[in-house]
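Overview (structure and organization)
Given next are the chains, with one letter for each unit.
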Amino acid sequence: MNDEIFGSMVDPSQRLALHLGNLEGVHHLYRRDPLDPIPGQPIQLNLTTSGSVPYRAARCCFSVDGTDPGWSTATLLELQSDESKWDDSSWSVVRTWSVSLPPQPAGTLIRYRLAAQRVDTGEWVQAESGSNSVTNPFSLWVDHDPIPAWAQTALVYQVFPDRFYPGDGRSWKKTRSLTDFHGGTLRGVVDKLDYLGSLGFNTIWLNPFFKTPSHHGYNASDYYAVEPRLGTSADLKELIDKAHARGIRLVLDFVANHWSKEHFSFQDAIKNPQSLYHDWYYWNHWPDDYECYFKVRELPKINLNHPAARNYML
């Protein structure tokens, strides 16, 4: 079976467009080392500048108390220019910059912004935004979260609920395409627990089962409800209890970056400019232009820098 590529990235021209877009201007793209810092470890942030406009300097402002870092109020650091390399695909020089954030103790929420200064106008361009307007800061959490002991010996079986098993006495649905609903249920997973245990598996990676308009569930419309096609909350509870009784753990495949455009908060946000949920999303132009996962309009990206949105997700 061939590897699949998500969404528009199946088209090589789209992949090239993404690559070129990630070079033009000022970009951070969450490039940091390490990605998951532990207490007492310095953190290197990387930035690239490229395109028709050269940049002569780059800087970072950051806070370590969870507050929004301002350029005039937060700690300010200058980035160093590490190298300049010619890129054939963009036909331009790509300049790489870096800065090291000081080590922090456990439980620190670092929030930071990056910008580079244009040579021609002296304007400071914010990373990712392409403008001098202040954007939402990047965030990272510093802590020591060792791999749990049970994971060292976990034998994991992935269950895609709609495609696993309908349940004893139930039949698969007649389908015409891979995007149709095939009829698997949570009850079907319960009925196969002894089978999975007999194969030696002690962990089930359970793909999303929340209410959703799709067969795959990666665009939840309600995180407080089980998708009715798959079963009920009672079915989920029974699955958890019976799996645990057999020494089988369940790992939830949970999406915290985006959800369905049918989510109540997004529907309210696009209909009401004064919506309490307006700032839960990233708007390029309200209400029809918003940031999405891989530019898929069905998947609006959640602004987790907004306290209410973050608290809701937690």
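Here we summarise the structure given alongside this text.

So, how was this worked out
- Residues numbered from 1 in each chain as written.
- Predicted model: local features only at pLDDT ≥ 70, side-chain atom pairs only at ≥ 80, totals over all residues.
- Heavy atoms only, no water.
- Pairing = 2+ DSSP bridges.
- Helix = DSSP H or I, 4+ residues; strand = E, 2+ residues; numbered from the N terminus.
- Disulfide = S-S within 2.5 Å.
- Buried < 20%, exposed > 50% of the residue type's maximum accessible area, 1.4 Å probe, protein only.
- Expected span 1.5 Å × (residues − 1).
- Arc of directions from axis to C-beta.
- 1 Å grid on protein atoms, 1.4 Å probe; cavity = no way out; pocket = protein on both sides within 12 Å on 5 of 7 lines; lining within 4 Å.
- Points joined across faces, edges and corners; volume = space filled by probe spheres on them.
- Nonpolar A, V, L, I, M, F, W, Y, C, P; charged D, E, K, R; others polar.
- Core = buried A, V, L, I, M, F, W, Y, C linked by side-chain atoms within 4.5 Å.
- Contact = heavy atoms within 4.5 Å.

Thoughts on the pairing of strand β12 (residues 203–206)
- Sheet topology note: the strand β11 (residues 156–159)/β12 ladder contains four bridges and is parallel. When the sheet's bridge partners are listed, Tyr157 is paired in β12 with Ile204.
- Two strands pair when backbone bridges link them, and β12 and strand β15 (residues 249–252) are joined in this way by four bridges, in the parallel orientation. Bridge pairing in β15 places Leu206 opposite Leu252.

A closer look at the state of the cysteines
- Taken as a whole, this structure holds zero disulfides when the rule is applied.
- Free cysteine Cys61: the closest other cysteine sulfur is in Cys60, separated by 6.2 Å.
- Residue classification places Cys61 among the buried residues on the basis of a relative accessible area of 0%.

Things to note about unusual backbone geometry
- The linkage connecting Asp33 with the following residue, Pro34, adopts the cis geometry, with an omega of 0 degrees.
- Structurally, Pro34 can be placed in the loop between β2 (32–33) and β3 (43–50).
- Omega for the peptide link from Trp286 to Pro287 comes to 0 degrees, which places this bond in the cis form.
- Structurally, Pro287 is set in the loop between β16 (283–285) and β17 (289–290).
- The backbone phi angle of Tyr30 is positive, close to 60 degrees, even though this residue is not glycine.
- Unlike most non-glycine residues, Phe294 shows phi in positive territory, near 50 degrees.
- You can see Phe294 is positioned in the loop between β17 and α8 (307–313).

A word on helix α6 (residues 233–245)
- With 13 residues, α6 ought to run about 18 Å at 1.5 Å a step, and its terminal C-alpha atoms sit 18 Å apart, in line with that.
- Among the residues making up α6, those that are buried are Asp235, Leu236, Leu239 and Ala243. Seen along its axis, α6 keeps its buried residues to an arc of 100 degrees; they face one direction. Looking at α6, the residues exposed on the side facing more than 90 degrees away from the buried face are Ser233, Ala234 and Ala245.

Describing empty space enclosed by the protein
- Inspection of the entire model under this criterion finds one cavity of 30 Å³ or more.
- Estimated volume of the largest cavity: approximately 50 Å³.
- Residue lining of the largest cavity: Phe160, Pro161, Asp162, Pro208, Thr212, Ser214, His215, His216, Gly217, Arg229 and Leu230, and that is the complete set.
- A breakdown of the residues in the lining of the largest cavity according to their chemical character gives four nonpolar, five polar and two charged.

Focus on the nonpolar core
- In terms of nonpolar packing, the biggest core is built from 32 residues, with Leu186, Ile204, Phe209, Tyr223, Leu239, Trp259 and Tyr281 touching the most fellow members.
- For this core, the elements supplying multiple residues, two or more each, are α4 (186–191), α5 (193–198), β12, β14 (222–226), α6, α7 (264–271) and α8.
- With residues up to four places along the chain from it excluded, the contact list for Leu239 reads Leu186, Val189, Val190, Leu193, Leu206 and Leu250.
- Within the second largest apolar cluster, 22 residues are counted, among which are Val26, Leu45, Tyr112 and Val125.

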